[in-house]
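Residue-level listing of the chains:
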Amino acid sequence: MEKRPIITIGVPCYGDVAPEYLEDFSRFMFHCGRRMPEYDFDLAIKTKSEQFRARNAIVQAAIQVNSGWLLMLDEDMII
């Protein structure tokens, strides 16, 4: 069976992640999976006090799963 390409959705967060944000991003990933079944989706949410460290950790997570693309969103974006 051929592996589908992976799209990682990365969200750098400052401090704790509110449950509402997790719900919203889970819904977004479900919607993306339904609209684009030829891709797998991976969600990487990283919390750090410095944004650049969280972004770097997200990039590393995307590399670990062999993601072909990385969509970086902020935690407070409305989708």
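Refer to the preceding data block for the structure.
For clarity, every value in this text was computed on a predicted model and none was experimentally measured.

Quick word on unusual backbone geometry
So, point 1. Of note, the phi angle at Asn66 is positive, near 60°, even though the residue is not glycine.
So, point 2. Residue position: Asn66 is located in the loop between α2 (51-64) and β3 (69-72).
So, point 3. By relative accessible area, which is 63% here, Asn66 ends up exposed.

Quick look at the pattern of salt bridges
So, point 1. Tallied over the full model, the rule gives four salt bridges.
So, point 2. Note that Asp24 is salt-bridged to Arg27, the shortest N-O span being 3.1 Å. One end of the pair, Asp24, and the other, Arg27, are both in helix α1 (residues 19-35), three residues apart, so they sit about a helical turn from each other.
So, point 3. Of the residues examined, Asp24 reaches a relative accessible area of 42% and is grouped as partly exposed.
So, point 4. Through salt bridges with shared partners, one network takes in Glu23, Asp24 and Arg27.

Thresholds applied
Residues numbered from 1 in each chain as written. Predicted model: local features only at pLDDT ≥ 70, side-chain atom pairs only at ≥ 80, totals over all residues. Heavy atoms only, no water. Helix = DSSP H or I, 4+ residues; strand = E, 2+ residues; numbered from the N terminus. Buried < 20%, exposed > 50% of the residue type's maximum accessible area, 1.4 Å probe, protein only. Salt bridge = Lys/Arg side-chain N within 4 Å of Asp/Glu carboxyl O.

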